[in-house]
Amino acid sequence: MAFAGQAAWITGASSGIGAAFARALAAQGARVILSGRDEAALAAVAADCPQALVLPFEVTDRDAMASAVASALEWSGGIDLLINNAGISQRSLAIDTAIGVYDRVIAVDLLAPIALTQALLPHIVARKDGRIVMISSVAGKVGSPMRTAYSAAKFGLIGYADALRCETAHQGVKVHVVCPGSIRTNVSRNALTADGSRRGTSDKAIENGIDPADAVQRILAAIAADEREIVVAEGAEQYLAETTRTPDEIFDRLADAVAKGYASKMADAQ
């Protein structure tokens, strides 16, 4: 029950991994804030959570996000766990893909979680305690065909998270990157095709993937154990992600450099 009594904010909470996070955390006694675009679906998830706040908004709408941040902080008194889970995938060859697809995927999968994290970061740092979780992907560790926009966004998310971890570790903030493989969700059905339309069909790998509830239990256990890079995958996907895992020694060295004044020295040199 590592998260009992804590306030957890989950984006993309209306289905799949996000809904599984909400239910698992609520079962541990956490207070959960549920965000997404489908208010009715969020309400259905909230019905399974004794202490829940539904905050529907489009993650790319910065004004709506700012309003949601204010409401979340007022309700919770402070966010202990932020899970940036909202996202959209892609299934198309780069040569066929309209640039608008890249705009949309990067806006949802990269810029939106960065924006929400940036908005909450001063509050989390001020408390000198808190966890930020970025749901990336195995495709964010190894470039995957038919997913150039998705891989670009998920690689970028890991880069942001790794750099943020270095900067804030000495301030009590813990940053976790999660790289799921095939999880049994609607990610493939909701993926964008070359012209930006919804794909509408799933992949065999996804249909045979890990159950979201099982995946979330593994993720939460790893977060509670302070694992910084968390792979939840099987078979070839697990192998690909594990072989590109960043050694903890690198995270430690970079965080130690910041704690010893690296950032201040860089600022003084400007």
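Here the structure is a predicted model, which means the values were calculated and not measured. (Residues numbered from 1 in each chain as written. Predicted model: local features only at pLDDT ≥ 70, side-chain atom pairs only at ≥ 80, totals over all residues. Heavy atoms only, no water.)

Novice: So what's going on with the overall build of the protein chain? Which residues, and what values?
Specialist: Secondary structure assignment for the protein chain yields 10 helices and seven strands. Against the compact-globule benchmark of 18 Å for 270 residues, the protein chain has a radius of gyration of 18 Å, which places it among compact chains. Across its three principal axes, the protein chain shows a C-alpha extent of roughly 50 × 45 × 35 Å. Residues counted as buried form 49% of the 270 residues belonging to the protein chain. Accessible surface computed for the protein chain: about 12,100 Å², of which carbon and sulfur atoms make up 53%. (Helix = DSSP H or I, 4+ residues; strand = E, 2+ residues; numbered from the N terminus. Rg over C-alpha atoms; globule rule 2.2 N^0.38 Å. Buried < 20%, exposed > 50% of the residue type's maximum accessible area, 1.4 Å probe, protein only. Areas by Shrake-Rupley, 256 points an atom, 1.4 Å probe, with all protein chains shown as cover.)

Novice: Give me the lowdown on the sheet that holds strand β6 (residues 173-180), citing residues and values where you can.
Specialist: Strand order in the open sheet formed by seven strands is β3-β2-β1-β4-β5-β6-β7, with parallel pairing between adjacent strands. Looking at the sheet topology across the chains shown, the edges are occupied by β3 (52-54) and β7 (229-232). Neighbour to neighbour, the strand axes of the sheet diverge by 15° on average, direction disregarded. Summarising the sheet, strand β2 (residues 31-35) and β3 pair through three bridges and their orientation is parallel. Counterpart to Ile33 in the pairing with β3 is Leu53. (Pairing = 2+ DSSP bridges. Axes fitted to C-alpha atoms, helices over the stretch in contact; angles between N-to-C directions.)

Novice: Explain the side chain of Asp109 residue by residue, including any values.
Specialist: Looking at the secondary structure, you find Asp109 in helix α4 (residues 99-127). No salt bridge is formed by the buried Asp109. Its closest oppositely charged neighbour is Lys154, at 4.5 Å. One polar contact links the side chain of Asp109 to the main-chain amide nitrogen of Ile88, over a distance of 2.8 Å. If near-sequence neighbours (up to four positions away) are discounted, Asp109 is found in contact with Ala86, Gly87, Ile88, Tyr150, Ala153, Lys154 and Leu157. (Lys, Arg positive; Asp, Glu negative; His and termini not counted. Salt bridge = Lys/Arg side-chain N within 4 Å of Asp/Glu carboxyl O. Polar contact = N/O pair within 3.5 Å; in protein donor to acceptor, adjacent residues only side chain to side chain. Contact = heavy atoms within 4.5 Å.)

Novice: Provide a residue-level description of the pairing of β2, including the pertinent values.
Specialist: The buried fraction of β2 amounts to five of the five residues, a majority that puts the element mostly inside the structure. Note: strand β1 (residues 7-11) against β2, five bridges, orientation parallel. Residue pairing across strands places Thr11 opposite Ser35, the latter belonging to β2. A crossover links β1 with its parallel partner β2, the connecting element being helix α1 (residues 16-27), and its sense is right-handed. In this fold, the crossover linking β2 to β3 by way of helix α2 (residues 39-46) has right-handed handedness. (Right-handed = clockwise from strand over helix to strand, strands pointing away.)

Novice: Residues and numbers for a nonpolar patch on the surface, please.
Specialist: Residues Leu93, Ile95 and Met146 make up a contiguous nonpolar surface patch of roughly 320 Å² in combined accessible area. In this structure, Leu93 sits in the loop between β4 (81-84) and α4. (Patch = residues over 30% accessible without salt bridge, like charges linked within 9 Å, V, L, I, M, F, W, Y side chains within 5 Å.)

Novice: So what's going on with α2? Residues and values would help.
Specialist: Because an α-helix packs 3.6 residues into every turn, residues spaced three or four apart end up facing the same way. Where α2 is concerned, the buried positions are Leu42, Val45 and Ala46. On an axial view of α2, the arc spanned by its buried residues comes to 100°, and they lie on one face. Contacts made by the buried residues of α2 are with α1, β2 and β3. At the N-terminal boundary of α2, the capping side chain belongs to Asp38, with an oxygen 3.2 Å from the backbone nitrogen of Ala40. (Arc of directions from axis to C-beta.)

Novice: Just give me the short version of the environment of Thr246, but keep the residues and values in it.
Specialist: Residue placement: Thr246 occurs in the loop between α8 (235-243) and α9 (248-259). For Thr246, a relative accessible area of 18% translates into the label buried. When the C-alpha atoms of Thr246 and Asp162 are compared, they prove to be 9.7 Å apart, with 84 residues separating the residues in sequence. For Thr246, the residues in contact, after removing those within four places along its chain, are Lys141, Glu229 and Phe251.

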